[in-house]
Amino acid sequence: EAYTLTHEPASPIYTFFLRWLQPSETGIYLRGMNTQKRMQRLVAAGWTQQQIADAVGITQATVSRILSGKFAHPNEEIVLATARVYAEHTLGDAA
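Residues numbered from 1 in each chain as written. Predicted model: local features only at pLDDT ≥ 70, side-chain atom pairs only at ≥ 80, totals over all residues. Heavy atoms only, no water.

Here we take up the nonpolar core. Of all hydrophobic cores here, the largest spans 13 residues; its most connected members are Met39, Leu42, Ile52, Val56, Ile58, Val63 and Ile66. Going through the elements one at a time, helix 2 (35-44), helix 3 (49-56), helix 4 (60-68) and helix 5 (76-94) are the ones with two or more residues in this core. Per-element accounting of this core gives the leading share, four residues, to helix 5. Excluding residues that lie within four positions of it along the chain, Ile58 makes contacts with Met39, Ala53, Val63, Ile66 and Ile78. (Core = buried A, V, L, I, M, F, W, Y, C linked by side-chain atoms within 4.5 Å. Buried < 20%, exposed > 50% of the residue type's maximum accessible area, 1.4 Å probe, protein only. Helix = DSSP H or I, 4+ residues; strand = E, 2+ residues; numbered from the N terminus. Contact = heavy atoms within 4.5 Å.)

Written out as structure tokens, the structure is:
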């Protein structure tokens, strides 16, 4: 299931996406960290590959392939969902 960004101007997640999403010729480019780096940081924070997979909506095998670099260019849905999960985790820690 694809993640849909709703227009909630007061939402920190909405602000995060406005700040980091950039349109490009190949779709959406997320500035800053790539998906692999976000997943690596979640693992470093104690998340299991299965927890990341469940939160993002993909299989644990896909998470493993992204972390190992064997899946270097995940699709837009994976990129956005991972960014959302990472943002929620990061913003949740700051609260």
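There's more to say after this.
Ile52, Ala53 and Val56 are the residues of helix 3 that are buried. Buried positions in helix 3, seen along its axis, are confined to an arc of 100 degrees and lie on one side of it. Of the residues trailing helix 3, Gly57 is marked for its positive phi of about 90 degrees. (Arc of directions from axis to C-beta.)

Okay, the confidence of the model for the protein next. Taken residue by residue, the protein gives an average pLDDT of 77. The fraction at 70 or more is 62%. The spread of mean pLDDT over the elements of the protein runs between strand 2 (residues 27-30), the lowest at 50, and helix 3, the highest at 97. Within the model, pLDDT remains below 50 along residues 1-7, and this stretch shows eight contacts once partners closer than five positions in the same chain are excluded. (pLDDT = per-residue confidence, 0-100.)

This part is about the pattern of salt bridges. Opposite charge on two side chains permits pairing when their charged atoms draw close. Applying the stated rule across the entire model yields one salt bridge. Residues Arg84 and Glu88 are paired through a salt bridge, measuring 3.5 Å at the closest nitrogen-oxygen approach. Of this pair, Arg84 and Glu88 are both found in helix 5, four residues apart, which corresponds to roughly one turn of the helix. Relative accessible area serves as the criterion here: at 13%, Arg84 is assigned to the buried category. (Salt bridge = Lys/Arg side-chain N within 4 Å of Asp/Glu carboxyl O.)

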